Amino acid sequence: VQLQASGGGLVQPGVSLRLDCSASGSMFMITAMGWYRQTPGKQRELVATISNDGNTAYADSVKGRFTISRANAKNTVSLQMNSLKPEDTAVYFCNAVKTTGWDTTDYWGQGTLVTVSS
C-alpha cells in the first residue's frame, strides 16, 4: 500500500485547510485509515481515524474542529481542518492499517507540513 498526502501549507490562525490522501496498491484487509501528526522532538500522535464502516475517532484537541472522511471507492481519506490554531502546526501523516488475523501492519505516507502562523 502506497499513500500520497497533499494539501499542507502555511495558513493564518482561524482559517481552514483540507488534507487529502490517496492510497494505491492492494487495499485488501485495510480496516482503517487516518491522520497522525508530529512536531520536532515529540512522538507522532493520532489526529483522527475512520474505520471501513465509518466509525471515527478524534484527538480531544481537534474534536469539533476537524472532520475525517473516506471515499472507499476512490481509496482516499481526507481531513477537513477548521479554526486552525498555531498548536496545530505539525507534519501530518496519512496512515492505513491492514489487519490479518491477530496481526496489524501500519502503512504511512510521506507527510505534509501544516504551518499555522500569523
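See the structure above.
Residues numbered from 1 in each chain as written. Predicted model: local features only at pLDDT ≥ 70, side-chain atom pairs only at ≥ 80, totals over all residues. Heavy atoms only, no water.

Student: Is there a simple way to explain the overall build of the protein chain in this structure?
Tutor: Tallying secondary structure elements over the protein chain gives zero helices and eleven strands in all. Helices (α) and strands (β) of the protein chain occur, in sequence order from the N terminus, as β-β-β-β-β-β-β-β-β-β-β. Relative to the 2.2 N^0.38 estimate, which gives 13 Å for 118 residues, the radius of gyration of the protein chain is 14 Å and therefore close to what a compact globule would have. C-alpha atoms of the protein chain, sized along the principal axes, occupy 45 × 30 × 25 Å. Residues counted as buried form 36% of the 118 residues belonging to the protein chain. (Helix = DSSP H or I, 4+ residues; strand = E, 2+ residues; numbered from the N terminus. Rg over C-alpha atoms; globule rule 2.2 N^0.38 Å. Buried < 20%, exposed > 50% of the residue type's maximum accessible area, 1.4 Å probe, protein only.)

Student: What should I look at first to understand the pattern of salt bridges in this one?
Tutor: Opposite charge on two side chains allows them to pair when their charged atoms are near. Taken as a whole and assessed by the stated rule, the structure comprises five salt bridges. As a salt-bridge pair, D88 and R37 come within 3.0 Å of each other at their nearest N and O atoms. With a gap of 51 residues between them, D88 in the loop between β8 (76-81) and β9 (90-100) and R37 in strand β4 (residues 30-38) connect regions that are remote in the sequence. Overall, D88 belongs to the buried group, its relative accessible area being 1%. For R37, a relative accessible area of 6% gives the class buried. Here D60 makes a salt bridge to K63, at a shortest N to O gap of 3.1 Å. Each of the salt bridges in this network shares a partner with another, and the network as a whole consists of R37, E45, R65 and D88. (Salt bridge = Lys/Arg side-chain N within 4 Å of Asp/Glu carboxyl O.)

Student: Just to check I follow, could you spell out the environment of F28 for this structure?
Tutor: Mapping F28 onto the fold places it in the loop between β3 (17-24) and β4. A relative accessible area of 61% means that F28 is categorised as exposed. Separated by 32 residues in sequence, F28 and D60 place their C-alpha atoms 30 Å apart.

Student: Please explain the side chain of R37 as it appears in this structure.
Tutor: A distance of 3.3 Å separates polar atoms of two side chains, one belonging to R37 and the other to S61. Within polar-contact distance, the side chain of R37 engages the side chain of D88 at 3.0 Å. (Polar contact = N/O pair within 3.5 Å; in protein donor to acceptor, adjacent residues only side chain to side chain.)

Student: Could you clarify how one ought to interpret the sheet that holds β3 in this entry?
Tutor: Pairing between sheet strands relies on hydrogen bonds along the backbone, with the strands arranged either parallel or antiparallel. An order of β1-β3-β8-β7 is seen for the four strands of this open sheet, with the pairing classed as antiparallel. Lying at the two open borders of the sheet, with one neighbouring strand each, are β1 (2-6) and β7 (66-71). Put simply, the sheet's adjacent strands are angled 15° from each other on average, direction ignored. Pairing geometry for β7 and β8, over six bridges, is antiparallel. Along β8, the bridge assignment pairs F66 with M81. (Pairing = 2+ DSSP bridges. Axes fitted to C-alpha atoms, helices over the stretch in contact; angles between N-to-C directions.)

Student: How do you make sense of the nonpolar core when you look at a structure like this?
Tutor: Soluble, globular proteins show a tendency: their nonpolar side chains are buried together. Counting residues in each nonpolar core, the largest one holds 28 residues, and the members touching the most others are M33, W35, L79, M81 and Y92. Elements supplying a minimum of two residues to this core: β1, β3, β4, β5 (45-51), β7, β8, β9 and β11 (112-116). (Core = buried A, V, L, I, M, F, W, Y, C linked by side-chain atoms within 4.5 Å.)

Student: Please clarify how the packing of aromatic side chains should be interpreted in this entry.
Tutor: Two numbers describe a pair of aromatic rings. These are the distance of the centres and the angle of the planes. On inspection of all chains with the given rule, the structure shows one aromatic pair. Ring geometry for Y36 against W108: centres 5.0 Å apart, planes inclined by 75°, an arrangement best described as edge-to-face. Taken as a pair, Y36 in strand β4 and W108 in strand β10 (residues 103-108) lie far apart in primary sequence, 72 residues in all. According to the relative accessible area criterion, W108 is partly exposed, its value standing at 34%. Cation over ring: R44 sits above F93, and NZ or CZ is 3.7 Å from the ring centre. (Phe/Tyr/Trp six-rings, centres within 6.5 Å; stacked < 30°, edge-to-face > 60°. Lys NZ or Arg CZ within 6 Å of the ring centre and 35° of its normal.)

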